[in-house]
Each structure stands twice: as C-alpha cells, then as structure tokens.
Amino acid sequence: MILLNPKNLTRRYPDERSAQIMRKTVAFFEGKGLKKIKEDDQNRVWYQDFLGFLQAEKVFGTLLAPPGYGGEAARWDTWRNCEFNEILGFYGLCYWYTWQVSILGLGPIWMSGNEALKKKAGRMLQQGGVFAFGLSEKEHGADIYSSDMMLKPQGDGTYLADGDKYYIGNGNEAAMVSSFGKIAGTGEYVFFAVNPKHPKFELVKNITPSQSYVAEFILHDYPITEADILSRGQEAWDASLNTVNVGKYNLGWASIGICTHAFYEAIRHASGRRLYNMSVTDFPHVKQMFTDAYARLCAMKLFALRASDYQRCASLVDRRYLLFNPMVKMKVTTQGEEVINLLWDVIAAKGFEKDTYFEMAARDIRALPKLEGTVHVNIALIVKFLANYFFNHADYPAVPECTGAAHDEFLFAQGPTRGLAKIRFDDYKISYDLFDTPNLAVFKEQISVFKGMLAKATPSEAQAKDTDFQLAVGELFALVVYGQLVLEMASLHGVGEDLVDQVFDFMVRDFSKSALQLHSKPSATHAQMEYCLKMLRKPVHEEARYERVWKEQVFALKDAYEMNP
C-alpha cells in the first residue's frame, strides 16, 4: 500500500528508536482525537500540548540533530524525516509548521563553523526547544538582496542589531532565531543568532489568524558579539539559499499528509451515502474523481520518495537534487490542491462542516504552494535546468533507494549556490522505458513533440525574458521531470502497470492542458503554436484497467482509516 495509514504503519527502520518516534507521534494525535484537534484549530489554541510531547520524547533532538549533537540515534535522516513530515501533515498543518520552521532555523546553525552555537543548539533540541528562521522582511519579503536588518559595529568588536523581520514562524517561542542581515557600512551578509526572550527583542504580533505563531519582530540595538555570529559574506548568502533548498522539500510531504487524511474521510463518507436510490460511489463521475484523486496522490508520494534518494546521494559532483527539490515544493503541492478539489467536488457541502478534518484540509492545502517561494518563483528556477535536461546528458551511477540509517551530511555542506545551468542529468528516456503502458506511450509522444519544439522552434531571447511565456514552458518541462521520478520509484516499489497507466492517464490530460496554455500566450510564434497543437492528445481509456484500479485500490480504502473521535 502506497498511502500512509497511521493505524498500520508499514515503513521499516533499521533502529527501534526511529520507529518508536513514529508510533508515539501517531498515538499522541489519536489520543487527542479529532474533536479536540478541531476545537484547538477553531479557537486558535497554541499547541503547547504538542510541544510538551516533543520535549518529553526528545523528538527533535533525535530527528533534527547531527550525530554528536543530539540524543540516541540522532542524525538528519531524510528517509525517516519524510514519514514524520507526512504524519504531522496528516493530523494538522500547524503541527507540521512548527517542525518545518525549526528545520529552517537549524539550517544556518548546522552549516556554520561556530561550534559553540552548534553545541548550544543541540542542547536546546534535547530540552525540547523549537527554532526560527529570520530571513523575510515586511518590506522586502524574501528579497534578501534588500535586507534592512543591520549589525552596526561599535568599534570594540561588538555590534548592535537593528531591523525587523516578518513571516517568522516560532518567533514567539524559539530557543534561537537564525537571523539574516548585513554589516552596516560594508553591506557584508551575515547570519547571527538571537534570543526572543531578550529585552531588546520586540515581539510585535502574530500576523496570521491561526494556531501557529507567525511573528513580526523588531530588534532594537540588540547586542551581538562574535560568539553570536553564524556566518559572514558568501558563506552567509549560501547558507540562506542552501537552507531553503532543504526546507522547501518538506512542503510536498505536508501536502501528501493532508491529502491522504482527506481522501480517507471523503471516500468513507461517500461510500456510506445514497442519493437517487444509488450509492454515491456508483455514480460514474464520482468514481472518476476518486480514481483521479487517488492516482494523483500516489504520484505525489512516489515523486517525493524518489526525490529523497537524489537528495541523500547528492554531492558537489551530482547536484540533480537542485531540480527535484523545488519540484517537490512546486509540483507536489499544486497537485495537492488538485486532489482536494476533486474530493471536495464529491463530498460538496460536507467539506464545510466544522467537525470534519476536511474543512481544515481545504483551507490549509492552499498555503503550501505559496511558502518558501511561490510556484512561479520555483518554475522560473527549474527552467534553468531545461537545456541540459533535454540536450546535454551525462552518465551517473544508478541512484539506489536510500533507506539506510545515515546522516545526510552533505545537506549542510552544499557549497556555492551558483552554477545551476551547468548541472547535467542522465538521459530521462532510460526511466521512461521502465514501463510499457498505453498512456505512457502517448505521454512519450507528447514529450517528443515538446522536445522538437525546443530544438526547432526554440524560444527567442525576447521569449526567454518573457516571464509569462517561460512559466508556460516550465509547466510542460515540470511534467516531464515529474513523470521520470514517478516511474523510477514505481519500478523500485513494484507498483503495478494498472496504476502506472492510470497515473499517465491524468499526465496526458495535464500535458495537453499546459500545451494549450502555451499555445495561447501572446508571444507564441506560429511554429510554436503548431507544435502545441500536436501535443494535444487524448488518453487511452481501458475499461478493464480502470475498473481494476477502482475496485482493488481506490474503493478498497473506504473503511481503511477513521480518526479516533
């Protein structure tokens, strides 16, 4: 079974401590129950009970600390962190959020050479501390070139920090806030650590109406010494972007968790309803929407799992993860919106009811594509890889499935952030030959036409500067990359051809939709428009395959999970 079922955890770990954390986390939420989770959500209750659980079980001191800085089995193990991500998203985005912003806050610390602060962070994690990432600002958002946070040299080797930060999760309770700014007078970039409990730290407000605390804070002549400095200059700049490289990957897993819980609740509800003397799940359009939602959700998880392997195998020689990580952030989260939309069209008014999980899911699923850079920012990023992905291949050793108990040390030594356009990829067609199904064959034909357009009706220099046009090209490119990793993980996991073909049923439709959008762009040339029309294809419908997927994989989940009340 691909989807998470908290009452039947199946992921295997090489150490008991990891499995114990997952089981105890599920037990915490199931013990709390859906009713209490919803009450806390609706009343915007700060989740102190969850933080107390994390402290008692020393969860962050195990999952988010490198060896030597945390407790038993401490390591930054992306494989196990994926499931913890998924479990937190499954029960509520606010719980996931405090984990996510702790990850961001810890990035510049673990990337730093300041050993004293690293040891301090390790002790704070063991004591149940959460962390925060002071990067964004009210006037500039994530435009870190324009940061107004300044460290003013005092002439004795010390500094006074002045400036504001905005959108800072955990800013109210963080044990340490990794803050980004500049040295006044030189403009040199700097990361430094501050304490939210310091009298010179002004916590202005929570800028969101939610359980989470997303802070605006101001530093008023906050004293800083060299002991508080995490990094300077190019190292500070690289730490900011490399931290986001790690953090943005988690957003896709939150979407997967949310959609999985919503799917169970929706199909359980629909299968028990009768309308017009028929079971709701016997209506053809309902079967189609559930099957589409299931196929999309399975593809989300397969892609994110495979992207984890590339992240864990990464090195200064192999940086392909820099394409796949923003794809998890951008593509998986937007697919999450598609899944919720499909389920909501089935359960309709039920999705608004205050006692359902779905009511939270429908709201929270919208947030994830908009965090750690918008979808548009991430599409603009991945387009930088397009030319080498299609036309300039390199040979790499086969990437295995990376499930071992290893510390992912490279994530904190990623090196310079430049040179993305020089990263090369092996031939994507190798992955596309792992299966042979009717809809996959159609999709491969669409890819061939798209590649032909890039080669023979190549976007002009003016089109390359036209963001609207480039975003449309990027959507098509993203689908090709998405399909590659889905196929790779489907092969590794023994996913059957029925589900693979069902996935590429929607992939063919999505490719056609994106091709039509590119065709409609004002700057598209006649030749490019002709190629776009050739990309418009209809998926192959095989009734027997469709019915097998529906009966054996989709409808079979109608009683698979219900949360404790």
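The rules we used
- Residues numbered from 1 in each chain as written.
- Predicted model: local features only at pLDDT ≥ 70, side-chain atom pairs only at ≥ 80, totals over all residues.
- Heavy atoms only, no water.
- Helix = DSSP H or I, 4+ residues; strand = E, 2+ residues; numbered from the N terminus.
- 1 Å grid on protein atoms, 1.4 Å probe; cavity = no way out; pocket = protein on both sides within 12 Å on 5 of 7 lines; lining within 4 Å.
- Points joined across faces, edges and corners; volume = space filled by probe spheres on them.
- Nonpolar A, V, L, I, M, F, W, Y, C, P; charged D, E, K, R; others polar.
- Phe/Tyr/Trp six-rings, centres within 6.5 Å; stacked < 30°, edge-to-face > 60°.
- Buried < 20%, exposed > 50% of the residue type's maximum accessible area, 1.4 Å probe, protein only.
- Lys NZ or Arg CZ within 6 Å of the ring centre and 35° of its normal.
- Contact = heavy atoms within 4.5 Å.
- Polar contact = N/O pair within 3.5 Å; in protein donor to acceptor, adjacent residues only side chain to side chain.

Caption draft 1: Region of the structure containing unusual backbone geometry. Residue R44 is not a glycine yet carries a positive backbone phi of 55 degrees. Along the chain, R44 falls in the loop between α1 (16–42) and α2 (48–57). Despite not being glycine, Y276 shows a phi value in the positive range, around 55 degrees. Mapped onto the elements of the fold, Y276 is located in the loop between β9 (274–275) and β10 (278–279).

Caption draft 2: Focus on the layout of surface pockets. What the second largest pocket holds in volume is close to 450 Å³. Forming the walls of the second largest pocket are 20 residues, and the residues nearest its centre are K331, E475, K513, S514 and Q517. Elements that contribute at least two residues to the lining of the second largest pocket include exactly α9 (321–347), α11 (375–382), α16 (467–493) and α17 (497–519). The greatest single-element share of the lining of the second largest pocket, amounting to six residues, is contributed by α9. Of the residues contributing to the lining of the second largest pocket, the split by class is six nonpolar, five polar and nine charged.

Caption draft 3: Spatial organisation of the packing of aromatic side chains. Throughout the structure, instances matching the rule amount to 49 aromatic pairs. Taking the centre distance of 5.1 Å and the plane angle of 55 degrees together, the rings of W344 and F352 count as tilted. Looking at F352, the relative accessible area reads 58%, which means it is exposed. Sitting over the ring of Y531, K534 keeps its end group 5.5 Å from the ring centre.

Caption draft 4: Geometry of the environment of D510. Positionally, D510 belongs in helix α17. On the basis of relative accessible area, D510 is assigned to the buried category, the value being 14%. It is 29 Å that separates the C-alpha atoms of D510 and W79, two residues lying 431 residues apart in sequence. Those residues in contact with D510, other than ones at most four positions away along the chain, are R296, Q335 and L479. Polar side-chain contacts of D510 include one of 2.9 Å to the side chain of R296.

Caption draft 5: Just the environment of L479, in detail. Inspection of the secondary structure assignment puts L479 in helix α16. Considered as a pair, L479 and K35 are 444 residues apart in the sequence and their alpha carbons are 39 Å apart.

Caption draft 6: How the structure looks around empty space enclosed by the protein. Taken as a whole and assessed by the stated rule, the structure comprises two cavities of 30 Å³ or more. For the largest cavity, the calculated volume is near 80 Å³. Among the secondary structure elements, those contributing two or more residues to the lining of the largest cavity are α4 (78–91), α5 (93–110) and α7 (233–271). Across the lining of the largest cavity, the residue classes tally to seven nonpolar, five polar and no charged. Here the second largest cavity is characterised by a volume of approximately 30 Å³. Forming the boundary of the second largest cavity are L135, E137, H140, G141, A142, D143, I144, S147 and K165. Across the lining of the second largest cavity, the residue classes break down as three nonpolar, three polar and three charged.

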